[in-house]
Structures are given as structure tokens and as C-alpha cells.
Amino acid sequence: MLIQLKHIDKIYKAGQVDVPALIDINLQVERGEFVAIIGQSGSGKTTLLDIVGCLSRPTSGEYWLDGDHVNSLPDASLTGIRNRKIGFIFQTFHLLARKTALENVQLPLMYAGVSRKAQQDKARELLTRVGLQDRLLHYSNQLSGGQQQRVAIARALANSPPLLLADEPTGNLDSQSGKDILALFEQLHHQGQTIVMITHDPLIAERAERRITLSDGRIVADEPAYQAAPVLG
Amino acid sequence: MLRSIFLDALKNLSGNALRSGLTMLGVIIGVAAVITMIAIVEGGQAWLVHSLERMGTNLLFVWKKRLTVEERHLFAGRNTELRYDDTLAIQQRFPDLLVAPIIELDGQLKAGERDYSGRITGTSPEYSEIRNFRPDSGRFISSTDIREWNRSLILGHTISEVLFGSQPAIGEEVKIADQRFTVIGVMEPKGEIYGHNYDEMVIIPISTALRFFKGTDKIQSMIIHVPNRQHMDEISGALHQFLVQRHEGVDDIRIRNQGEFLSAVDQTLLTFRIVLGGIAVIALLVGGIGIMNIMLVTVTERTREIGLRKAIGAKRQDILLQFLIESTTISVIGGCLGILVGILAAYGIGDLVAKAMPGGGDWGAVVQPTAILIAFGFAVGVGVGFGLFPAMKASKLDPAEALRYQ
């Protein structure tokens with residue numbers, strides 16, 4: 001089991017008022033699964049992503065990731081977990097503007113303490129894998145949205161993390177680029193990569209094999225995605 | 001890792017070249033101010049020490065005080081003049097001291113077709129030693145010259161050139177009024193010290209001056225060399241007492257101690273140090289605040305970048321180091337440029353002072369390696385010190401919030 005969440009609550013304080021963002025979340029994800037988390041905006045899916053991604057801590061509950069009891073670890077250890085066990089993919093790509101594609105992919109390797117030479121070799125290999133072998137030295141403003149997201153995926157894969165965590169990965173892309181990115185996800189999934197993807201778009205969620213629906217901070221549905229694909233009018 | 005953080009820092013700085021340049025300007029001005037300030041004050045000190053060495057050290061100057069009308073009336077008939085006898089009496093009473101009487105006359109020198117009008121100084125053999133001022137060729141006044149009222153003449157470097165050009169002057173005849181003098185020495189070039197141009201001096205034996213031009217034994221002043229600096233005040237007091245006694249109890253003597261003059265100048269230099277040092281430190285602090293300001297802006301601008309770096313595995317100290325290196329790079333580059341500007345400014349101002357100050361011809365700024373080190377160290381300290389707060393702020397950002405910062 002890669003992810004196990006038990007009775008997770010997350011409560012934000014807004015002045016005197018407690019605003020619950022997540023209520024009693026119980027969730028297990030096995031290795032190799034491709035899971036979509038779907039929900040309206042305000043349903044708590046971003047909060048859930050932050051907790052699963054070790055970017056913030058739950059108010060209460062237990063979280064195990066790849067055998068680590070995350071909520072008992074200090075901040076410094078969470079940084080190491082994010083570096084080695086999680087690959088992040090964001091809607092807005094989050095590439096560093098003044099760096100080349102190669103340098104962007106090198107970043108997680110640098111923070112992992114990999115030698116400069118090995119960083120470059122690995123980054124080149126990953127960019128080739130996502131089809132950008134002839135864009136290695138391009139800066140992010142010289143790349144299309146789809147290409148930027150590919151760089152971000154290569155960066156997410158840099159330290160071969162067991163979990164790929166994607167937050168609306170196609171949200172800023174045109175439909176063709178979006179399709180290409182989802183195809184790449186499927187390809188990674190077939191190679192055994194665990195992927196958790198957050199989206200508000202049911203059509204995209206359809207590409208996953210399991211769909212978890214969040215509403216008002218609670219899991220309201222957890223089902224195989226292909227069975228529940230809705231028909232859009 | 002450090003290398004790539006450093007390269008990142010350089011890239012970020014060059015990406016915002018105008019901003020980085022303006023931020024550096026604060027450090028440049030601060031460092032340049034420190035270096036210039038130290039160089040100018042050191043230059044002043046060196047100049048002072050040097051000119052004191054040239055004019056002779058451990059000196060006492062004795063003058064006759066001007067008496068008021070009442071005093072003159074009151075002391076009528078008493079011996080109230082500074083006389084050549086006084087010099088001899090002092091020399092006898094205080095054998096350790098070197099005493100030179102001084103009398104100054106205006107006169108015209110004629111050597112063949114050429115002539116020169118100026119001041120003629122009558123003094124004794126001791127003058128050369130006391131003033132550390134020696135003949136380049138020939139000799140200085142001897143005791144024989146004094147004893148025999150010899151019409152011996154010693155010329156300053158410039159006067160020798162005026163009267164004889166490049167020809168040797170020794171042995172030549174020079175007429176002063178209607179007296180024939182023989183040139184026995186030409187002094188070494190010495191230049192001007194405190195408005196007195198040694199190269200324009202014309203020196204004759206005191207006895208000759210008194211006998212042929214004055215007809216009295218009144219002198220104008222004395223210069224006295226004290227062998228031990230520690231005893232200057234003590235001897236000054238004893239001399240005063242001795243002279244008042246010789247002048248039948250009339251206190252018409254004034255003795256100036258070179259040390260008093262020295263400490264007055266030292267005091268002035270200290271004041272300069274404090275004022276200029278204060279200004280320099282303030283300039284550096286303002287530069288540092290400029291760095292802090294810009295680094296805070298940079299941290300805010302790059303909140304999302306910081307969030308991302310943290311999300312993909314940057315530890316707090318990685319972020320801290322990144323911003324600290326950036327601010328330190330600004331201050332190090334600014335410091336290097338400031339050293340350059342400071343040295344140029346120091347020599348530039350040194351030249352101006354040398355030209356503007358009477359007798360400051362050999363004045364010059366002294367840029368010492370320690371001053372450069374102090375200024376540079378200060379600059380780096382400012383970069384680290386003022387960069388620390390923004391860097392801490394960056395390193396403490398919450399990754400989830402920073403990632404979604406708009």
C-alpha cells in the first residue's frame with residue numbers, strides 16, 4: 001500500500017470561526033493505481049492534495065506514505081519525502097523562468113545531492129522520455145504550454161518517486177496538448193507508476209481507473225472510473 | 001550544489017541588472033567613503049609627521065613678547081630685550097641643548113649683473129643641526145665665522161640658481177648693501193614647510209649680521225633643540241625662569257613647544273577621523289538597508305519560486321543560503337567596485353588638497369591594505385547582516401501557501 005489516510009480532518013481558522021476543509025477522510029491507494037480525485041471548487045480537493053503531497057499537515061488523523069508515518073515526522077523530513085517520494089505536476093507548470101528545460105529538470109536532483117554530471121545525464125534522459133530531446137536548452141518562455149508541462153513531468157520523475165501527484169495538469173492547456181499529456185500519463189501508468197490526479201473535469205477523470213469524488217470536505221464516492229463515466233449533454 | 005546556488009544568484013542579479021546596480025551603488029558609496037576617509041586622514045598624518053621631521057623635532061621656539069604701553073613705562077630702564085647674550089647664556093647654563101639665535105633683515109644681494117632682494121637670516125652653526133637642514137656643497141657657518149665676524153654667506157638652493165644659474169657659487173663674491181660677502185655654502189633643496197621656503201633662505205653669521213647691519217645685539221627669536229622629548233615641558237619652564245631672571249624679573253618671554261602644536265593637530269585629525277568615519281559608516285548602513293529592501297522585494301516577487309523549490313525538496317537552509325548568497329554577492333561586487341572608486345577618489349582628493357594647501361606639495365592620500373580589508377569586510381558583513389532577515393523570511397515561507405501566491 002502506497003498511501004493510507006485514516007480519519008483525516010483539516011480545519012482552517014478564519015478569525016474566530018473554524019472552517020472545516022476536510023472531514024474524516026479515509027483513503028487507500030495501492031502501488032500502480034491511477035486515481036482521479038474529482039470535486040467542485042471548494043470541495044476540499046486542493047487541501048487533500050496538500051496533505052497527500054506533504055505540503056501541509058492535517059489537523060488530526062493518521063497518514064502513512066510508502067511506509068512512513070508522515071504526521072509524526074518533523075518538517076525537515078517532510079522536505080526529504082517530497083523530494084524523493086513525490087513528483088508534483090501543477091496546473092501552472094511552475095517552471096523557473098530563467099532556467100533551461102534541462103536545468104529545471106535538474107533541480108530535484110540537485111536538492112537530492114546528486115552530482116552535477118549525474119544530474120545532467122538523468123535530466124537529459126527524462127526529457128528524451130517525454131519527447132523533448134531537441135528542446136533541452138530552451139527557456140520556459142520559448143516552449144509551448146504542452147511542452148512546458150512535459151518539462152514539469154520530467155522534473156516530477158527526476159528522483160523516480162513512487163507517487164506522481166498532479167493538480168489539474170491539463171487545466172491551462174489547449175485540448176490537443178491536454179490529450180497528449182493524458183496519453184503520457186497513461187503511458188507512465190502502464191509502466192507501473194502510481195498517479196493521483198486532481199481535476200474538476202469528469203471527462204479527464206475518466207482516463208483514470210478509479211475515481212474519488214469529494215464534496216464539502218467528504219469523500220462521497222469511490223468507484224472505478226470507467227463504470228461511472230457520466231454522459232455530458 | 002553551492003556552485004549552482006551561486007550561479008543562480010549571479011543569473012538573478014544580472015536578470016535585474018538595473019536594480020542590482022542601484023542596490024550595489026549604496027555599497028559602492030559606503031565602501032568608497034570608508035577607504036577615502038581612511039586614506040585622507042592617514043595621508044594627513046603622514047604628511048604631518050614628514051614635515052615635522054623636515055623642520056626638525058623636539059623644538060622650542062623663544063620669542064620676545066610685545067609689551068603694552070603701561071608695561072614699557074613700568075619697566076623702563078630694565079633689560080627687556082632678547083639679546084645674543086641670552087643665547088650664549090642659555091648654551092652655557094644648559095649644555096645639552098642646541099641653541100640658535102635668529103635675526104632677520106631685508107636686503108639686496110648683488111652678484112655681478114644679477115641681483116636678488118629678499119630676507120637675510122643671521123644665525124649660528126647650531127641652526128643647521130636643529131632644523132635638520134644641511135649644505136649641499138660647501139659648508140655651513142662655523143664658530144670661527146661667528147668669532148671673527150666673517151662675511152660668509154650661505155645660499156638657499158633657489159637663490160643660488162637665481163644669482164649663479166648652474167655655475168658653482170662657492171667662493172663667489174656677493175655684495176649685500178656695500179659689504180662684500182663670500183659664498184661658502186649652498187643648502188640642500190628642502191622646499192616649503194608651513195609657509196617658510198627654505199630654498200629662498202640667505203644665511204649669514206649672527207655676529208656679522210649684528211655688527212654690520214644692526215649695530216645692537218638684539219635678536220628676534222631663538223630655536224632650541226631638546227635632546228629628550230620627555231623633558232620638553234620641564235626644560236621649557238626652566239628656560240622661561242632663567243630668561244625672566246636675566247631680564248631683571250620682567251616676563252617678556254614667550255616659549256612655544258612644538259609638542260603643543262603637534263597635539264593640536266592630532267586633535268584636529270582625531271575629530272576628522274570621527275566625523276568622516278561616522279559618515280562612512282552611515283553610508284554603509286544606508287547601503288545595507290538598500291540591500292535589505294531589495295531582497296525583501298525579491299523574496300516577495302519570487303514567493304512562487306520559493307514554494308516550488310520547497311515542494312520539490314529544497315530544505316530551509318537551501319533557501320536561506322540561496323538568498324544570503326544573493327545579497328552577499330551584491331555586497332561583494334559592490335565592495336570590489338567601491339574599493340576601486342575609493343582608491344581613485346582618495347588619490348583625486350589627495351591631489352586637490354596638495355594643490356589647495358600652502359606647503360602641501362608633497363601631500364598625498366595613503367591607501368593602506370588594512371583600510372581596504374576593513375572596508376571590504378564591512379561590506380560583506382553588511383551584505384550578510386542585512387540579507388539575513390529577508391533570507392530567513394524566504395526560508396520560513398509555507399510551501400503550500402507560497403505555491404499559490406498570486
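Residues numbered from 1 in each chain as written. Chains lettered and ligands numbered in written order. Predicted model: local features only at pLDDT ≥ 70, side-chain atom pairs only at ≥ 80, totals over all residues. Heavy atoms only, no water.

### Some remarks on the sheet that holds strand β1 (residues 3–14) of chain A
Residue and element names in this part refer to chain A.
Part 1 of the reasoning: Reading across the sheet, the 4 strands line up as β2-β1-β4-β5 and stay open at both edges, with antiparallel pairing between neighbours. The open sheet has two edge strands with one neighbour each: β2 (17–29) and β5 (68–69).
Part 2 of the reasoning: Summarising the sheet, β1 and strand β4 (residues 60–65) pair through 5 bridges and their orientation is antiparallel. Paired with lysine 6 across the bridge in β4 is glutamate 62.
Part 3 of the reasoning: Seen against the sheet, helix α1 (residues 45–52) touches β1, β2 and β4 and runs at an angle of roughly 120° to β1. (Pairing = 2+ DSSP bridges. Helix = DSSP H or I, 4+ residues; strand = E, 2+ residues; numbered from the N terminus. Contact = heavy atoms within 4.5 Å. Axes fitted to C-alpha atoms, helices over the stretch in contact; angles between N-to-C directions.)

### So, the confidence of the model for chain B
Residues and elements named next belong to chain B.
Part 1 of the reasoning: Per-residue confidence for chain B gives a mean pLDDT of 88, with 99% of residues at or over 70.
Part 2 of the reasoning: For chain B, strand β8 (residues 192–193) is the element with the lowest average pLDDT, namely 77, and strand β10 (residues 202–205) is the one with the highest, namely 95.
Part 3 of the reasoning: The ipTM assigned to the predicted complex is 0.93, against a pTM of 0.73. (pLDDT = per-residue confidence, 0-100.)

### A few points about the interface of chain A and chain B
Part 1 of the reasoning: Listed as interface residues are 23 residues of chain A and, on the opposing side, 25 residues of chain B.
Part 2 of the reasoning: The junction of chain A with chain B conceals about 2,200 Å² of combined surface from both sides, 56% of it contributed by carbon and sulfur atoms.
Part 3 of the reasoning: Its largest share of buried area at the contact with chain B, chain A owes to His94, Arg98 and Tyr111 of chain A, together 32% of the area lost on that side.
Part 4 of the reasoning: The salt bridge partner of lysine 99 of chain A is aspartate 8 of chain B, with a shortest N-O separation of 2.4 Å.
Part 5 of the reasoning: Of all the secondary-structure elements, those providing two or more residues to the side of chain A that touches chain B are α1, α2 (75–85) and α3 (101–111) of chain A.
Part 6 of the reasoning: Sorting elements by how many residues they give to the side of chain A that touches chain B places α3 of chain A first, with 5 residues.
Part 7 of the reasoning: Broken down by class, the residue content of the side of chain A that touches chain B amounts to 10 nonpolar, 5 polar and 8 charged. (Buried area = accessible area lost by both parts, 1.4 Å probe. Salt bridge = Lys/Arg side-chain N within 4 Å of Asp/Glu carboxyl O. Nonpolar A, V, L, I, M, F, W, Y, C, P; charged D, E, K, R; others polar.)

### Digging into the packing of helix α2 (residues 17–55) of chain B against helix α12 (residues 316–356) of chain B
All names here are of chain B.
Part 1 of the reasoning: Close contact between α2 and α12 brings their axes to 6 Å; oriented N to C, the two are set at 40°. Looking at the two axes, α2 sits oblique to α12. Considering how the two elements wind past one another, α2 and α12 form a crossing that is right-handed.
Part 2 of the reasoning: When grouped by side-chain class, the residues that make up the contact of α2 with α12 number 17 nonpolar, 8 polar and no charged. (Parallel < 35°, antiparallel > 145°, perpendicular 65-115°, else oblique. Left-handed = near helix turned anticlockwise from the far one by under 90°.)

### Examining the pairing of strand β11 (residues 221–225) of chain B
Residue and element names in this part refer to chain B.
Part 1 of the reasoning: The buried fraction of β11 is high, at 5 of 5 residues.
Part 2 of the reasoning: Side chains Ser221, Ile223 and His225 project from β11 onto one buried face, and the interleaved Met222 and Ile224 project onto a second face that is buried too.
Part 3 of the reasoning: As paired strands, strand β1 (residues 59–64) and β11 are joined by 5 bridges and run antiparallel to one another. Looking at β11, one finds that leucine 59 is bridged to histidine 225.
Part 4 of the reasoning: In the sheet, strand β2 (residues 98–111) pairs with β11 via 5 bridges, with the strands oriented antiparallel. Pairing of valine 99 across the sheet is with isoleucine 224, part of β11. (Buried < 20%, exposed > 50% of the residue type's maximum accessible area, 1.4 Å probe, protein only.)

### Details of unusual backbone geometry
Residues and elements named next belong to chain A.
Part 1 of the reasoning: Phi angles above zero are rare outside glycine, and aspartate 66 is one such case at about 50°.
Part 2 of the reasoning: Inspection of the secondary structure assignment puts aspartate 66 in the loop between β4 and β5.
Part 3 of the reasoning: Owing to a relative accessible area of 23%, aspartate 66 belongs among the partly exposed residues under this scheme.
Part 4 of the reasoning: One non-glycine residue, aspartate 216, lies in positive phi territory at about 50°.
Part 5 of the reasoning: Relative to the elements of secondary structure, aspartate 216 occurs in the loop between β9 (210–215) and β10 (218–224).
Part 6 of the reasoning: Looking at aspartate 216, the relative accessible area reads 60%, which means it is exposed.

### Describing helix α6 (residues 175–190) of chain A
Residues and elements named next belong to chain A.
Part 1 of the reasoning: Taking 1.5 Å as the rise per residue, α6 with 16 residues should run 22 Å; its terminal C-alpha atoms sit 22 Å apart, in good agreement.
Part 2 of the reasoning: Taken together, the buried positions of α6 are Ser177, Gly178, Ile181, Leu182, Leu184, Phe185, Leu188 and His189. An end-on view of α6 places all buried positions within 155° of arc, on one side of the element. In α6, the exposed residues that point more than 90 degrees away from the buried face are Ser175 and His190. (Expected span 1.5 Å × (residues − 1). Arc of directions from axis to C-beta.)

### Considering a nonpolar patch on the surface
All names here are of chain B.
Part 1 of the reasoning: Together, Phe6, Leu7, Leu10, Ile333 and Leu337 make up a nonpolar patch on the protein surface, roughly 370 Å² of accessible area in all.
Part 2 of the reasoning: Taken together, the elements giving at least two residues each to the nonpolar patch come down to α1 (2–15) and α12.
Part 3 of the reasoning: Tracing the sequence through the fold places leucine 337 in helix α12. (Patch = residues over 30% accessible without salt bridge, like charges linked within 9 Å, V, L, I, M, F, W, Y side chains within 5 Å. Areas by Shrake-Rupley, 256 points an atom, 1.4 Å probe, with all protein chains shown as cover.)

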